[in-house]
Amino acid sequence: MNVLGLPEFDGHEAVHVFHDEATRLDMAIAIHNTRLGPAVGGCRMWPYASGAAALADVLRLSRGMTYKAALAGLPCGGGKAVVIGNPATDKTTRLLEAVGRAVDSLNGRYTTSDDVGTTPADVAIMATQTRYACAPLMADGSAAPATAFGVFQGILATAAHVFGSDLLTGRTIAVQGLGAVGGRLCEYLADAGARLWISDLDGARATAIAARWKATVVAVDEILYAPVDILAPCAMGGIFDATSIPRLRCRAIAGAANNQLATAADGVALAARGIVYAPDYAINVGGLIDLVHAQRGGYDVPEVLEDCRRIHATTLRVLELATQSGEATSDVANRLAEQAFRTVPPESRR
Ligand code: NAI
């Protein structure tokens, strides 16, 4: 297979493929860019249909980490690991130890964390084999609290840009997905006086959160089209496309879900409709900020939250530049991130 020819390759610095005979481990680690610092990114375990599918995913995800870290001004680069297998049936202590040894063989060029299919407890097992495995620390190893706080900062900045004030009192906000991030986000938004419209595939969860924050429950297939000030997608990616965008009735979008735009052209389509889109990776970086603090040692929750507050300024900058230039906000975010990670001279790294 020609890895260099894959559309997802996009100038990756390195792609490592590992096989461990004893544990039947098949995995890949992609390192997209380390100009701003050693690569950081989670380890995903998934029953990929083929090695090619796993490679395409790891390349796409590690590239995304570079952009996310660079836009936030973090001293790290983008990387990612994927393990081919079913986390429910194939994940053993020995397999996770083998993952740790694979990570260790890169001598710190890549530090791993958890992702879909792995948990902070799994990362702790990897960490028995390497110094370069680390989980966020804020709440039992979950990135979600810092992510939710950061998304809240992004929503405040979006409100400031669109409505001239980041006071959320009386503003209507629709939250799609009430899981680890969306559930916590509702608390911040309700405390700030927003009126919430909420939805989750798990109806009982939606009912419980609605009762707690006096929110209105909306049907799963209607939440994206709610006539609200701000829509906060906190469930799945790929939700804004040629079918959904014409039906949107929100003024702005700011939420946690990764890869909300189906294609880059959909960012332009949102702008053409006058809907202000706070780029997902600009505002959902709180978990990575938490991880960077955990890696550094001397972990301090107020310091993590202080760094997450910088998401407000970054988001505002992206939105304002897009207004000035007439570009889509997603294009502006990409440009700023690329400027950050492409123009650092190698000698000033770290
Ligand atoms: P989660 O799995 O805890 O929660 C997702 C929730 O969305 C679940 O309650 C699920 O029932 C609901 N859901 C799924 N599809 C839905 C639909 N079509 N309509 C309504 N609800 C739906 O996930 P988590 O951790 O809260 O993450 C949410 C999003 O944020 C994901 O896209 C994730 O990739 C992204 N993200 C999460 C970070 C974190 O720190 N957990 C960091 C950065 C991004």
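Scroll up a little and you will see the structure.
**Regarding the side chain of Asn-284**
Logical step 1: On the secondary structure map, Asn-284 appears in the loop between helix H8 (280-283) and helix H9 (286-296).
Logical step 2: Judged by relative accessible area, Asn-284 falls into the buried class, the value being 5%.
Logical step 3: Of the polar contacts made by the side chain of Asn-284, one reaches the backbone oxygen of Ala-256; its length is 2.8 Å.
Logical step 4: With sequence-adjacent residues up to four places away left out, Asn-284 is seen in contact with Lys-68, Thr-147, Val-151, Ala-256, Ala-257 and Asn-258.

**Some words on the environment of Arg-309**
Logical step 1: The residue Arg-309 is located in helix H10 (residues 301-325) in this model.
Logical step 2: Overall, the relative accessible area of 40% leaves Arg-309 in the partly exposed class.
Logical step 3: Residues Arg-309 and Gln-153 lie 156 residues apart in sequence; the distance between their C-alpha atoms is 6.1 Å.
Logical step 4: Contact partners of Arg-309, with chain neighbours within four places excluded, come to Phe-149 and Gln-153.
Logical step 5: One polar contact links Arg-309 to Glu-306, side chain to side chain, over a distance of 3.0 Å.

**Focus: empty space enclosed by the protein**
Logical step 1: Here the structure, examined in full by the defined rule, presents one cavity of 30 Å³ or more.
Logical step 2: Around the largest cavity sit Lys-68, Leu-71, Ala-72, Leu-74, Tyr-281, Ala-282, Val-285, Ile-289, Asp-307, Arg-310, Ile-311 and Thr-314, which together line it.
Logical step 3: Secondary-structure elements contributing two or more residues to the lining of the largest cavity are helix H1 (51-71), H8 and H10.
Logical step 4: Split into classes, the residues belonging to the lining of the largest cavity amount to eight nonpolar, one polar and three charged.

**Describing the side chain of Ser-199**
Logical step 1: Note on placement: Ser-199 falls in strand E7 (residues 195-199).
Logical step 2: Exposure remark for Ser-199: the relative accessible area of 3% places this residue in the buried category.
Logical step 3: Here the side chain of Ser-199 touches Val-218 through a polar contact of 2.9 Å, landing on its backbone oxygen.

**What to know about the site of the ligand**
Logical step 1: Contacts to the ligand come from 20 residues, most closely from Thr-147, Ala-180, Val-181, Asp-200 and Ala-235.
Logical step 2: Here a nitrogen atom of the ligand and a backbone polar atom of Leu-201 are 3.4 Å apart.
Logical step 3: Residue Ala-256 places a main-chain N or O atom 3.4 Å away from an oxygen atom belonging to the ligand.
Logical step 4: Broken down by secondary-structure element, the contributors of at least two residues to the shell around the ligand are helix H4 (144-163) and helix H5 (180-191).
Logical step 5: Considered class by class, the residues forming the shell around the ligand number 11 nonpolar, seven polar and two charged.

**Some details on the sheet that holds strand E11 (residues 276-277)**
Within a sheet, each strand pairs with its neighbour through backbone hydrogen bonds, oriented either parallel or antiparallel.
Logical step 1: Taking strand neighbours across the sheet as the criterion, the six strands line up as E8-E7-E6-E9-E10-E11 in an open arrangement whose pairing is parallel. The open sheet is flanked by strand E8 (216-217) and E11, the only strands paired with a single partner.
Logical step 2: Relative to E11, strand E10 (residues 252-253) runs parallel, the two sharing two bridges. In the strand pairing of E11, Ala-252 is matched with Val-276.
Logical step 3: Its contacts with the sheet place H4 against strand E6 (172-176), strand E9 (230-233), E10 and E11, and it is angled at close to 155° to E9.

**Section: the packing of aromatic side chains**
Logical step 1: For the structure shown, the criterion picks out four aromatic pairs.
Logical step 2: Residues Tyr-67 and Tyr-281 carry aromatic rings whose centres are separated by 6.4 Å and whose planes lie at 80° to one another, so their mutual orientation is edge-to-face. Taken together, the residues span a long stretch of sequence, with Tyr-67 in helix H1 and Tyr-281 in helix H8 at a distance of 214 residues.
Logical step 3: Residue classification places Tyr-281 among the buried positions, given a relative accessible area of 12%.
Logical step 4: A cation sits over an aromatic face here: Arg-171 above Phe-163, 3.8 Å from the ring centre.
Logical step 5: Just above the ring of Tyr-225 sits the side chain of Arg-247; from NZ or CZ to the centre is 3.9 Å.

**Let's talk about the packing of H10 against helix H11 (residues 329-342)**
Logical step 1: Contact pair H10 / H11: the axes reach a minimum separation of 9 Å and the direction vectors enclose 115°. As judged from the angle between their axes, H10 and H11 are roughly perpendicular. Helix-helix and strand crossings are classified by hand; for H10 and H11 the assignment is right-handed. Residues Arg-317, Val-318, Leu-319, Leu-321, Ala-322 and Ser-325 of H10 lie in contact with H11, whose contacting residues are Thr-329, Val-332, Ala-333 and Leu-336.

**Side note on the state of the cysteines**
Logical step 1: What the rule picks out here adds up to zero disulfides.
Logical step 2: Cysteine Cys-234 remains unbridged, with the sulfur of Cys-186 as its closest cysteine sulfur at 7.7 Å.
Logical step 3: Exposure remark for Cys-234: the relative accessible area of 12% places this residue in the buried category.

**Focus on the sheet that holds strand E3 (residues 39-46)**
Logical step 1: Pairing within the open sheet is mixed, and its five strands lie in the order E1-E2-E4-E3-E5. Two strands in the sheet have a free side with no partner beyond their single neighbour: strand E1 (14-20) and strand E5 (110-114). Pairs of neighbouring strands in the sheet enclose a mean axial angle of 25°, with direction left out of account.
Logical step 2: Pairing of E1 with strand E2 (residues 25-33) involves seven bridges; the strand directions are antiparallel. What sits directly across from Phe-18, in E2, is Met-27.

About the criteria used
- Residues numbered from 1 in each chain as written.
- Predicted model: local features only at pLDDT ≥ 70, side-chain atom pairs only at ≥ 80, totals over all residues.
- Heavy atoms only, no water.
- Helix = DSSP H or I, 4+ residues; strand = E, 2+ residues; numbered from the N terminus.
- Buried < 20%, exposed > 50% of the residue type's maximum accessible area, 1.4 Å probe, protein only.
- Polar contact = N/O pair within 3.5 Å; in protein donor to acceptor, adjacent residues only side chain to side chain.
- Contact = heavy atoms within 4.5 Å.
- 1 Å grid on protein atoms, 1.4 Å probe; cavity = no way out; pocket = protein on both sides within 12 Å on 5 of 7 lines; lining within 4 Å.
- Points joined across faces, edges and corners; volume = space filled by probe spheres on them.
- Nonpolar A, V, L, I, M, F, W, Y, C, P; charged D, E, K, R; others polar.
- Near = heavy atom within 4 Å.
- Pairing = 2+ DSSP bridges.
- Axes fitted to C-alpha atoms, helices over the stretch in contact; angles between N-to-C directions.
- Phe/Tyr/Trp six-rings, centres within 6.5 Å; stacked < 30°, edge-to-face > 60°.
- Lys NZ or Arg CZ within 6 Å of the ring centre and 35° of its normal.
- Parallel < 35°, antiparallel > 145°, perpendicular 65-115°, else oblique.
- Left-handed = near helix turned anticlockwise from the far one by under 90°.
- Disulfide = S-S within 2.5 Å.

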